[in-house]
Amino acid sequence: MTIEPRAFLTTMETRIGLTAEDKKVMQANTDWGTAVAEEMADHFYAFLGRDEEMNGILNATEGRVHRLHATFIDWFNQMFTGMDNWGDDYAKCRWHIGLIHVKIGIGPQHVVPAMAVVVDKVGKKLKADGKSDELKEALAKVCMIDLAFIEQAYVEVSSSAVLKETGWSAALFRRLIATGASSM
Ligand code: HEM
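Rules and cut-offs
- Chains are numbered independently. Their residues run from 1 in the order of the written sequence.
- Per-residue local features are limited, in this predicted model, to residues with pLDDT of at least 70; the limit for side-chain atom pairs, both in listing and counting, is 80 or more; totals at the level of whole chains, interfaces and linings are taken over all residues.
- Each nonpolar core comprises buried Ala, Val, Leu, Ile, Met, Phe, Trp, Tyr and Cys residues, the members being joined through C-beta atoms within 7 Å.
- Counts of 20 or more other C-beta atoms within 10 Å of a residue's own C-beta define buried residues, counts of 12 or fewer define exposed ones, and intermediate counts define partly exposed ones; C-beta atoms are placed from the backbone.
- Put simply, DSSP H or I for four residues or longer makes a helix, DSSP E for two residues or longer makes a strand, and each gets a number counted from the N terminus.
- Contact between two residues is assigned when their C-beta atoms, built from the backbone, lie within 7 Å.
- The span you would expect from a helix comes to 1.5 Å times its residue count less one.
- Where helices are involved, their axes are fitted lines through C-alpha atoms of the stretch in contact, as for all axes, and angles between N-to-C directions lie from 0 to 180°.
- Should the near helix be turned anticlockwise from the far one by less than a right angle, the crossing is left-handed, and should it be turned clockwise, the crossing is right-handed.
- All residues other than Ala, Val, Leu, Ile, Met, Phe, Trp, Tyr, Cys, Pro, Asp, Glu, Lys and Arg, Gly among them, are scored as polar; the first ten of these are nonpolar and the last four charged.
- Placing the C-beta atom from the backbone, one calls a residue near a molecule or strand if that atom lies within 6 Å of it.
- What sets the label is the angle itself: under 35 degrees gives roughly parallel, over 145 gives roughly antiparallel, 65 to 115 gives roughly perpendicular, and the rest give oblique.

Trainee: Which residues make up the nonpolar core, and what values do they have?
Mentor: The biggest cluster of nonpolar side chains holds 26 residues, and the ones touching the most others in it are L9, M26, M79, L139, V142 and I145. For this core, the secondary structure elements donating two or more residues are helix 1 (5-16), helix 3 (30-49), helix 5 (64-81), helix 6 (88-104), helix 7 (108-128) and helix 8 (133-166). Beyond its immediate stretch of four places on either side in the chain, I145 contacts L9, M12, E13, I16 and L18.

Trainee: Tell me about helix 8, and please be specific about residues and values.
Mentor: Compared with the 50 Å implied by 1.5 Å per residue over 34 residues, the 49 Å span of helix 8 between its first and last C-alpha is a close match. Listing the buried residues of helix 8 in full gives L135, A138, L139, K141, V142, I145, D146, L147, F149, I150 and A153. In this structure, the buried residues of helix 8 make contact with helix 1, helix 2 (20-28), helix 5, helix 6 and helix 7. Following helix 8 by one or two positions, G167 adopts a phi angle in the positive range, close to 80 degrees.

Trainee: Provide a residue-level description of the packing of helix 3 against helix 5, including the pertinent values.
Mentor: Contact pair helix 3 / helix 5: the axes reach a minimum separation of 9 Å and the direction vectors enclose 145 degrees. Between helix 3 and helix 5 lies a crossing whose hand is right-handed. Of the residues in helix 5, those in contact with T30, G33, T34, A37, E38, M40, A41, F44 and Y45 of helix 3 are V65, L68, H69, F72, I73, F76, N77, M79, F80 and T81. Of the residues belonging to the contact of helix 3 with helix 5, the class tally is 12 nonpolar, six polar and one charged.

Trainee: Describe the site of the ligand, listing the residues and the values that go with them.
Mentor: Around the ligand, a shell composed of 23 residues is seen, among which M54, T71, W75, H110 and A114 lie nearest. Elements supplying a minimum of two residues to the shell around the ligand: helix 4 (52-58), helix 5, helix 6 and helix 7. It is helix 5 that contributes the most residues to the shell around the ligand, six residues altogether. Partitioned by chemical class, the residues of the shell around the ligand number 15 nonpolar, five polar and three charged.

Trainee: Explain the packing of helix 3 against helix 7 to me, using residue names and the numbers behind them.
Mentor: Here helix 3 crosses helix 7 at 140 degrees, and the two axes come no closer than 10 Å. Judged by the angle between their axes, helix 3 and helix 7 are oblique. For the pair helix 3 and helix 7, the sense of crossing is right-handed. For the pair helix 3 and helix 7, contact is made by V36, M40, H43, F44, F47 and L48 and by A114, V117, V118, K121, V122 and K125, respectively. Tallied by class, the residues present in the contact of helix 3 with helix 7 amount to nine nonpolar, one polar and two charged.

In C-alpha cells, the structure reads:
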C-alpha cells in the first residue's frame, strides 16, 4: 500500500480540477507570491504557536522554528512556480513533505486547520491587493493538492507499518478496517 507520487498528483489534479489555465495564472503571479510569502509564514507560525501541542512540536528542537520559516517560504513559492510545471519533482517534493510530517507525529487534526489558515490568510491578502478571483481559486486548488499529499502520506505510512509488522495482506487489512468502522 504505497503510492507513486506522480500518479497521485495527476489523480488529484483531475479530482480537484486544477487546469492548465490555473497553472498559468499561478505562474504569472510568482512575483506576488514571493512578495507575500514572508507575511504568510508569519501568520502560519503564529497560528501553530497559539496551539499548545503544536507549539510543543515546533519548539522540540533548537532552531526548528527558524528553519521552518525558510522551508515554508520555499513551499509557498513552489505553489506558484509548480517547480517543474507540476511534474515529477513537484510530486516527489510534496510526498517527501508528507512523510516528514508523519515521522514527527503530525496528523490530520493538525494539518487541516493549518492549511485552512493558509487559504484564509492568503485569500485576505489577495483581496487587499486587488488580485483576481481566478488566482484565488487556482491557489486554493494547489493548496488542496498539497494537503492531500500530507494526508495520504499519513494513511500510506500507517497502513504499510501494520502490513509489515503483521504480514497481513492489504485485502485483509481493508476488511478489518471496514469491520472496525462498522462496529464503532
Ligand atoms: C499546511 C500545512 C503544512 C505545510 C505546507 C508544511 C510545510 C512544511 C515543510 C515544507 C517542511 C520542510 C520539509 C523538509 O524538510 O523538506 C515542514 C517540516 C516540518 N513541519 Fe510542517 N507544514 C505544515 C503543517 C505543519 C504543522 C501543523 C506542524 C505542527 C507543528 C508542522 C511542523 C513541522 C515540523 C516540526 C517540521 C520538521 C522541522 C525540522 O526539520 O526539524 N507542520 N513543514
